[in-house]
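Architecture at a glance
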Amino acid sequence: MSVKVNSAFASVLLAFGLLLPCQLGLPTTTNQGDRIIVFVPTRQAQLDWLELIHSQAGKPGEVGENVRFWFGPGLLNQETIVFVPGGDYGRLVAAIPSSQDTYSWWTVQKENLGKLVTGETRRSSDISSAYRTYQEILNFLDQTQSTCGSFCSVEKYGTSYEGRDLKLIKIGDDLPSKRIVWIDAGIHAREWIAPATALYFIDKIVQGYKSSDSTIKSMLDNFAFYIAPLLNPDGYVYSYTFTRERLWRKTRSAQAGGCYGVDLNRNFGYHWGGQGSSSDPCDENFRGSSAFSEPETRAVRDKLLAIRLRTISFITMHSYGQDWMVPYGYAYNVSVDNYAQMMRPVQAAADKLKSLGRNYDIGNSAVVTYPAAGASDDYAASIGVPYAHTIELPDTGQYRFLLPQSEIPRVGLETLEALKVYLGYIAAANQPRDE
């Protein structure tokens, strides 16, 4: 028999090798001889070797020092996708355990990634026409503020490790009596569809307000929106700038052992250090040296604490998976006291998404995905926000983190329509009652 690589994902790898630079305007920074290798371990010894190489990432002198694990290692008979720089290919291949079977358990999926097709991207003024750079995102926030007057305001709420501004836009009458809906995105660098969707939402509700759209007007009558479209600008810029690091997840803060970055969604201070987080600075889910060790999470914490008495909903956008989840996710078999209350608008939103042709799984975070201690939605719920959610945007595995930019309008529209239903339910359920 022969190992067959998932054909849908193989097309994504082809797209990554040939289409991303011309479609996204990414610099061509890979070298001649760089390769993508797909491993499908069928024996425990093979999986153990992949775990060993994974543990060596970023460690000088080790075989796996410069190898980037894009997916996996996971379980037996599941794909593990790695990026191998040309200068490390020979050393890695020489270390691969030989197969006892009649077929190879690894395949070079794409060679010579340095031979990328370059070209100009057609980037219209429509914010949803492409994945945007960090500076384009800031420019869009400022332009939006300038066109909607006192109804919108941009606020710098912090500074990243590398000195980049952390900004949010406030939309609606920001009166002391107005309830706040917090929406953020981009906590993980590689999840580009999340900031793109947040920008789409900003654009459409401002346009809807200007055109007197009745549904959006009702939303803005009931809520003020605080939207932070990019929580992790350092990681995002790194992912956007260096093609070989397209799937970078963490921040870019310097850590022990020559490693970089913290998983911000393991750095919040509710049950910090628990399941689903790592103490190894080289791991993708490294939780940091302490709760709120990172300036990015401290900035979010401080802002949330300042507005928590007014905040009725906290939504953090991620990808991928098509999930809409509620706390707590720090361990199995734990839930917020108002779990049923949180789930009602989520069910309504999921029904709307299904009517649009997109199926979302809903429920407790740990059950729908996996335990993840130190997450932002758990923290929001712990400080008393009545509705707190993580939304994992599309897709479910065909493109994974490499969702084509042509999908931005569809994902944006679906999410907007689902949020209209979700917020409509919350508004109706929380109207003051006549005594």
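Attention in this report is confined to the structure presented alongside it. Owing to the predicted nature of the structure, the values given are computational and were not obtained by experimental measurement.

1. Description of the environment of Leu76
Structurally, Leu76 can be placed in the loop between strand S2 (68-71) and strand S3 (80-84). Along the primary structure Leu76 and Thr42 are separated by 34 residues, whereas in three dimensions their C-alpha atoms are 5.4 Å apart. Aside from chain neighbours lying at most four places away, what touches Leu76 is Pro41, Thr42, Arg43, Gln44 and Leu47.

2. With respect to the pairing of strand S1 (residues 35-39)
The element S1 is largely enclosed, with a buried count of five among its five residues. The side-chain alternation of S1 yields two buried faces, one formed by Arg35, Ile37 and Phe39 and the other by Ile36 and Val38. Relative to S3, S1 is paired through five bridges, and the arrangement is antiparallel. Bridging from a neighbouring strand, Arg35 pairs with Val84 of S3.

3. A look at the packing of aromatic side chains
For the coordinates displayed, the defined rule picks out 20 aromatic pairs. Note on Phe151 and Tyr209: the rings are 3.7 Å apart at their centroids and 5 degrees apart in plane angle, and the pair reads as stacked. With a gap of 58 residues between them, Phe151 in the loop between helix H5 (134-148) and strand S5 (152-159) and Tyr209 in helix H6 (residues 193-210) connect regions that are remote in the sequence. Ring centres of Phe201 and Phe225 lie 5.6 Å apart, and the angle between their planes is 65 degrees; on these two criteria the pair is classed as edge-to-face. One end of the pair, Phe201, is in helix H6; the other, Phe225, is in strand S8 (residues 223-228), with 24 residues separating them in the sequence. Put simply, the rings of Tyr131, Trp192, Tyr236 and Tyr240 pair up and form one aromatic cluster. The ring of Trp248 has Arg252 lying over it, and the distance from NZ or CZ to the ring centre is 4.8 Å. Cation over ring: Arg301 sits above Phe292, and NZ or CZ is 4.8 Å from the ring centre.

Cut-off values and rules
- Residues numbered from 1 in each chain as written.
- Predicted model: local features only at pLDDT ≥ 70, side-chain atom pairs only at ≥ 80, totals over all residues.
- Heavy atoms only, no water.
- Helix = DSSP H or I, 4+ residues; strand = E, 2+ residues; numbered from the N terminus.
- Contact = heavy atoms within 4.5 Å.
- Buried < 20%, exposed > 50% of the residue type's maximum accessible area, 1.4 Å probe, protein only.
- Pairing = 2+ DSSP bridges.
- Phe/Tyr/Trp six-rings, centres within 6.5 Å; stacked < 30°, edge-to-face > 60°.
- Lys NZ or Arg CZ within 6 Å of the ring centre and 35° of its normal.

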